[in-house]
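Now for the letters of each chain:
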Amino acid sequence: MRWYCLNTNTHGCRRIVVSRGRLRRFLWILLTLSAVGLILWQCAELLLNYYSASVSVTVQFQKLPFPAVTICNINPYKYSSMKDYLSELDKETKKALETFYGFSEGKSKVRRSVGEWDSAGSDFFKQIPLLKFEDFSKTATDLRSGQKRKIEGSVFHKDSSIVNSGDSNDIIGFQLCDANNSSECALYTFSSGVNAIQEWYKLHYMNIMAQIPLETKEKLSYSADDLLLTCFFDGLSCDKRHFTRFHHPLHGNCYTFNSGENGTVLSTSTGGSEYGLQVVLYIDEADYNPFLVTSTGAKIIVHDQDEYPFIEDIGTEIETAAATSIGMHFTRSRKLSKPYSDCTETGADIPVENLYNKSYSLQICLHSCFQKAMVDSCGCAQYAQPLPAGAEYCNYKKNPNWMYCYYRLHEKFVKEQLGCQQICKDACSFKEWALTTSIAQWPSAVSEDWMLRVLSWDKGQKINKKLNKTDLANLMVFYKDLNERFISENPANTLVILLSNFGGQLGLWMSCSVVCVIEIVEVFFIDSLSIVMRRQWQRAKKWWNDRKRDRSGKAPQAGELERQGHDNPVCIDEDLPTFNTALRLPLPQDSPLPRTPPPNYSTLRLESAFTEQLPDTLEPGQR
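Please read all numbers here as calculations on a predicted model, not as lab measurements. (Residues numbered from 1 in each chain as written. Predicted model: local features only at pLDDT ≥ 70, side-chain atom pairs only at ≥ 80, totals over all residues. Heavy atoms only, no water.)

A. Structural detail: the layout of surface pockets. In this structure, the largest pocket encloses a volume near 1000 Å³. Lining the largest pocket we find 27 residues, and of these Lys202, Leu250, Glu312, Ala384 and Tyr406 sit closest to its centre. Those elements that place two or more of their residues in the lining of the largest pocket are α6 (193-209), α9 (311-314), α10 (362-378) and α11 (402-414). Ranked by the residues each element gives to the lining of the largest pocket, the list is headed by α6, at six residues. Its residues assigned to classes, the lining of the largest pocket comprises 12 nonpolar, eight polar and seven charged. (1 Å grid on protein atoms, 1.4 Å probe; cavity = no way out; pocket = protein on both sides within 12 Å on 5 of 7 lines; lining within 4 Å. Points joined across faces, edges and corners; volume = space filled by probe spheres on them. Helix = DSSP H or I, 4+ residues; strand = E, 2+ residues; numbered from the N terminus. Nonpolar A, V, L, I, M, F, W, Y, C, P; charged D, E, K, R; others polar.)

B. Summary view of unusual backbone geometry. Backbone torsion omega between Lys338 and Pro339 reads 5°, so that peptide bond is classified as cis. Of note, Pro339 is situated in the loop between β17 (322-334) and α10. At Asp234, a position not held by glycine, the phi torsion is positive, near 55°. Checked against the element boundaries, Asp234 lands in the loop between β9 (228-233) and β10 (236-237). A relative accessible area of 26% means that Asp234 is categorised as partly exposed. The backbone of Asn357 shows a phi angle near 55°, a positive value even though the residue is not glycine. Position of Asn357 among the secondary structure elements: in the loop between β17 and α10. Residue Asn357 is classed as exposed on the basis of its relative accessible area of 71%. (Buried < 20%, exposed > 50% of the residue type's maximum accessible area, 1.4 Å probe, protein only.)

C. Summary view of the state of the cysteines. Within this structure, the stated rule accounts for seven disulfides. Each sulfur in the disulfide pair Cys343 and Cys428 lies 2.0 Å from the other. Between Cys343 and Cys428 the sulfur-sulfur dihedral comes to about 95°; the bridge is accordingly right-handed. Here Cys343 is found in the loop between β17 and α10, whereas its partner Cys428 is found in the loop between α12 (420-423) and β18 (429-441), with 85 residues between them in sequence. Take Cys343: its relative accessible area is 5%, and that puts it in the buried class. With its sulfur 1.9 Å from that of its partner, Cys380 forms a disulfide with Cys394. Residues Cys380 and Cys394 are joined through a disulfide that is right-handed, its torsion about the S-S bond being 100°. (Disulfide = S-S within 2.5 Å.)

D. View of empty space enclosed by the protein. All told, the structure shown has one cavity of 30 Å³ or more when counted by the stated rule. Size it by volume and the largest cavity reaches roughly 30 Å³. Among the elements that make up the lining of the largest cavity, the one with the highest residue count is helix α4 (residues 79-101) (three residues). Two domains each provide a minimum of three residues to the lining of the largest cavity, namely domain 2 (57-76 + 223-340 + 429-491) and domain 3 (79-103 + 124-211). (Domains from an automatic or database assignment.)

E. Fine view of a nonpolar patch on the surface. On the surface, a nonpolar cluster with roughly 670 Å² of combined accessible area is contributed by Leu506, Val517, Ile520, Val521, Val523, Phe524, Phe525 and Ile526. Considering each element in turn, the nonpolar patch owes the most residues, seven residues, to helix α15 (residues 514-552). Among the structural elements, Ile526 can be located in helix α15. Classification of Ile526 as partly exposed rests on a relative accessible area of 45%. (Patch = residues over 30% accessible without salt bridge, like charges linked within 9 Å, V, L, I, M, F, W, Y side chains within 5 Å. Areas by Shrake-Rupley, 256 points an atom, 1.4 Å probe, with all protein chains shown as cover. Salt bridge = Lys/Arg side-chain N within 4 Å of Asp/Glu carboxyl O.)

F. Spotlight on the sheet that holds strand β19 (residues 472-488). The strand order across the open sheet formed by six strands is β10-β9-β14-β19-β17-β18, and the pairing between neighbours is mixed. With one partner strand each, in any of the chains shown, β10 and β18 form the two edges of the open sheet. Relative to strand β14 (residues 277-282), β9 is paired through five bridges, and the arrangement is antiparallel. Within β14, the residue paired with Thr230 across the bridge is Val280. Together, β9, β14 and β19 form the strand contacts of helix α13 (residues 448-459), whose direction differs from that of β9 by roughly 105°. (Pairing = 2+ DSSP bridges. Contact = heavy atoms within 4.5 Å. Axes fitted to C-alpha atoms, helices over the stretch in contact; angles between N-to-C directions.)

G. Broad picture of the packing of α10 against α11. One can describe the packing of α10 onto α11 by two numbers: an axis separation of 10 Å at closest approach and a directional angle of 140°. Relative to α11, the element α10 is oriented oblique. Seen from above, α10 lies across α11 with right-handed handedness. Judged by residue contacts, Leu366, Phe370, Ala373, Met374, Ser377 and Cys378 of α10 engage Trp402, Cys405, Tyr406, Leu409, His410 and Phe413 from α11. Across the contact of α10 with α11, the residue classes break down as 10 nonpolar, two polar and no charged. (Parallel < 35°, antiparallel > 145°, perpendicular 65-115°, else oblique. Left-handed = near helix turned anticlockwise from the far one by under 90°.)

H. Region of the structure containing the pairing of strand β12 (residues 252-257). Of all six residues that make up β12, six are buried, and the element is covered over most of its length. Pairing of strand β2 (residues 68-73) with β12, which is carried by four bridges, proceeds in the antiparallel orientation. Among the inter-strand pairings, Ile71 is bridged to a residue of β12, identified as Tyr255. Counting the residues that bridge the hairpin from strand β11 (residues 243-248) to β12 gives three residues.

I. Just the sheet that holds strand β15 (residues 298-303), in detail. Taken together, the five strands give an open sheet; going across it, the order is β11-β12-β2-β15-β16, and neighbouring strands pair in antiparallel fashion. Strands with a single pairing partner mark the edges of an open sheet, and in this sheet they are β11 and β16 (316-318). Averaged over all pairs of adjacent strands, the angle between strand axes in this sheet comes to 30°, irrespective of strand direction. With three bridges joining them, β15 and β16 adopt antiparallel strand pairing. Paired with Lys299 across the bridge in β16 is Glu317.

J. Layout of the packing of aromatic side chains. Counting across every chain of the model gives 18 aromatic pairs. Here Tyr308 and Phe310 contribute two aromatic rings whose centre-to-centre distance is 5.0 Å and whose plane-to-plane angle is 70°, an arrangement assigned as edge-to-face. Here the aromatic rings of Trp543 and Trp544 are separated by 6.3 Å at their centres, their planes lie at 45°, and the arrangement is tilted. Three or more aromatic residues link up through ring pairs in this structure, and these residues are Phe66, Phe233, Phe243, Phe257 and Tyr479. (Phe/Tyr/Trp six-rings, centres within 6.5 Å; stacked < 30°, edge-to-face > 60°.)

K. Broad picture of the pattern of salt bridges. Considering all chains together, one arrives at 16 salt bridges under this definition. Between Glu345 and Arg334 there is a salt bridge, with its nearest N and O atoms 3.0 Å apart. One end of the pair, Glu345, is in the loop between β17 and α10; the other, Arg334, is in strand β17, with 11 residues separating them in the sequence. In this structure, Lys469 engages Glu448 in a salt bridge whose closest nitrogen and oxygen atoms are separated by 3.8 Å. Note that Lys469 is positioned in the loop between α13 and β19 and Glu448 in helix α13, a separation of 21 residues in sequence. Of the residues examined, Lys469 reaches a relative accessible area of 26% and is grouped as partly exposed. The network of salt bridges with common partners includes Arg408, Glu411 and Lys415.

L. Region of interest: the side chain of Gln385. Assignment of secondary structure puts Gln385 in the loop between α10 and α11. Residues contacting Gln385, with those up to four places away along its chain left out, are Tyr356, His367, Phe370, Gln371 and Tyr393.

See below:
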């Protein structure tokens, strides 16, 4: 057995025999027996799996959580309720349309000249004068005063369409100047008069709405009873109690189905339109603001319960007099954070305050960063985004310079000069619902009569008019199937893969295993450290003895010298001492005997092996 252990290639057996010390030998025995036990266990598992003809079948029935669905009317506030606040602005807008395009209600459409403007003065046009460009030399006509003037400032085209170069007279816009420095101006031109009028109207509209309290604006917008006619979810009836209201600055009162605020998130166990959300919305087109919005319908967005609904950015519009079916596919994505990517887990490491009180997202960070820059640069907050602590919305009574400041700041934001795009990062984990939208005419021609009568009767307790199909929108949101797609990033190189690669290279080129690595560690590290520590201990012990001797002042005893040994100053090379060099050994002081005396050469004398000399060796005279 000893011979086998000394000559085998298994390192464990060999180390059991050659190891010095009981502790080392015991550890190597324990390690070797553990390795043998693991090998036997793994081989038994492999054999059992090989000879067993088993089949694994997994059947899983799952329920997917239904997302939150936020619905907003495209028209944020009832026009009949807002007329008191917008009467002057609407009056000036109609005058501008009459001057530009000959628009007149109840009269022939005859275009007026700018000299016929009979307004004594308008604060709206004083704040933002509308201009008509006659050529591209920055010469414009003020539509309020009729005077031509040369316009200074940077020119920005605010719509995506190409400027109409065929007729420069159709180009209109407005000029924004710094209230503190009239030479600092920015000129915004539009190739379409519709875009110019709407942009001009929205600026004044936001200025007016910023001065109205939130409680008043919630009353001016649509209630849940106004917006919702019928509701079904997963085949069961639902009502306004399943919707949560939140106020959006640009879209008024919006209502979120399955918001999860009460701690309950609804789920569905079957795909298809019959098991999703079905609602009929009352749009009330007749009460729309004619200058603020030019389309009719509603906007919806599908999002997670912890996610803020950015209706204005990614909302989907729903037509009236149509049934809109939205099928969903659910995808969860997970990215690795540093050092694999520059994403953030919770946004806590981003130096931007979250103004939305929802889970972190890139859009929340960008909007919050811009709002903070707006407050710092302009002294007030932009109306379309939440208010930071201690700030108030901009209006040109308190902040006459805010419009110019806002446009300049937005220009820097788009050009990525504010630093928001550099600070904000993507979220590492997020949920996404891919939407497939289809539209059908609703109600059909054969069912229109009775459906409108029934819906009018249901709504008749609250309104005294017959519903029109252009006032209604049918919406269905459902899972197309319950397949959840999960996309995740995994590191290409892990610690296990690294160790496996190292083990493969060592086994391929050096036939080395884990036991061999432990042997190398023992020899080159543990033993080397033990030798170094032993030498350091000997040096420290010698230094301590010399120190004690120096303090006592005593010469070393002969016995100590013998124990310590005697250095030969002559034999300093590696050759063995000869007879002559041994005789030249210097004696130490006080004539003590050397530690290694010269050999006794008398022992080299030959003694006769015979008591008498043999006769044949005697000389002739001695015989």
